[in-house]
Amino acid sequence: PLFHKVANYIVSLDNLHTFRPEDLSNVVHAFATADEAHPRLFEKVSNRIITLGNLKSFKPHQLSHVLWAFSKAGESNPKLHVRIADHIYLFCKLELFEPSDLSA
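Residues numbered from 1 in each chain as written. Predicted model: local features only at pLDDT ≥ 70, side-chain atom pairs only at ≥ 80, totals over all residues. Heavy atoms only, no water.

So, on to helix α3 (residues 39-51). A rise of 1.5 Å per residue sets the reference length of α3, with its 13 residues, at 18 Å; its end C-alpha atoms lie 18 Å apart and thus fit the reference within 8%. Turning to α3, its buried residues number three or more, namely Leu41, Phe42, Lys44, Val45, Ser46, Arg48 and Ile49. On its buried face, α3 is in contact with α1 (2-12), α2 (21-33), α4 (60-73) and α5 (78-91). (Helix = DSSP H or I, 4+ residues; strand = E, 2+ residues; numbered from the N terminus. Expected span 1.5 Å × (residues − 1). Buried < 20%, exposed > 50% of the residue type's maximum accessible area, 1.4 Å probe, protein only. Contact = heavy atoms within 4.5 Å.)

Structural data, given as structure tokens:
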């Protein structure tokens, strides 16, 4: 019930502009870790990440957590995966990633 209430609240927000990269990453990671399904929440978070001007404010482990959470939750969003993959390819030095970030 608590996860459902939190998810419904987040989904009801007009936008997620006040959510920092850490917040976006943590919320989907928490739901996936707890095996709490809420497709609309994952959709809302993915749409926010996709529409960001750039992903430079995300730390490598946050990007990894987002991808892991979507996979664990069975939530597929090809646009999100392409957006993150393109960002990593174009702007990230793989040396900044911990081994656990690369294996997620």
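Along the polypeptide, Asn77 turns up in the loop between α4 and α5. In terms of polar contacts, Asn77 uses its side chain to reach the side chain of Ser46, at 2.9 Å. Within the local environment of Asn77, its side chain forms a polar contact with the backbone nitrogen of Lys79, the two atoms lying 3.1 Å apart. (Polar contact = N/O pair within 3.5 Å; in protein donor to acceptor, adjacent residues only side chain to side chain.)

Running from N to C, α2 and α4 cross one another at 30°; their axes reach a closest spacing of 8 Å. Here α4 runs roughly parallel to α2, going by the angle between their axes. Pair α2 / α4 crosses with left-handed handedness. Contact residues: Pro21, Glu22, Ser25, Val28, His29, Ala32 and Thr33 in α2; Gln62, His65, Val66, Trp68, Ala69, Phe70, Lys72 and Ala73 in α4. Across the contact of α2 with α4, the residue classes tally to eight nonpolar, five polar and two charged. (Axes fitted to C-alpha atoms, helices over the stretch in contact; angles between N-to-C directions. Parallel < 35°, antiparallel > 145°, perpendicular 65-115°, else oblique. Left-handed = near helix turned anticlockwise from the far one by under 90°. Nonpolar A, V, L, I, M, F, W, Y, C, P; charged D, E, K, R; others polar.)

Here the structure, examined in full by the defined rule, presents three salt bridges. Close ionic contact of Asp35 with Lys72 constitutes a salt bridge, the shortest N to O distance being 2.5 Å. Here Asp35, found in the loop between α2 and α3, pairs with Lys72, found in helix α4; they are 37 residues apart in sequence, far enough to count as distant. One salt-bridge network, held together by shared partners, links Arg20, Glu22 and Asp23. (Salt bridge = Lys/Arg side-chain N within 4 Å of Asp/Glu carboxyl O.)

Take the packing of aromatic side chains next. According to the stated counting rule, one finds two aromatic pairs in the structure shown. Ring geometry for Phe3 and Phe31: centres 4.9 Å apart, planes at 85°, overall edge-to-face. In this pair, Phe3 is assigned in helix α1 and Phe31 in helix α2, connecting sequence segments 28 residues apart. Note on Phe3: relative accessible area 28%, which makes it partly exposed. By relative accessible area, Phe31 is classed as buried at 3%. With a centroid separation of 5.0 Å and an interplanar angle of 85°, the aromatic rings of Phe42 and Phe70 are classed as edge-to-face. Within this pair, whereas Phe42 is found in helix α3, its partner Phe70 is found in helix α4, the two being separated by 28 residues in sequence. Each member of the pair Phe42 and Phe70 is classed as buried. (Phe/Tyr/Trp six-rings, centres within 6.5 Å; stacked < 30°, edge-to-face > 60°.)

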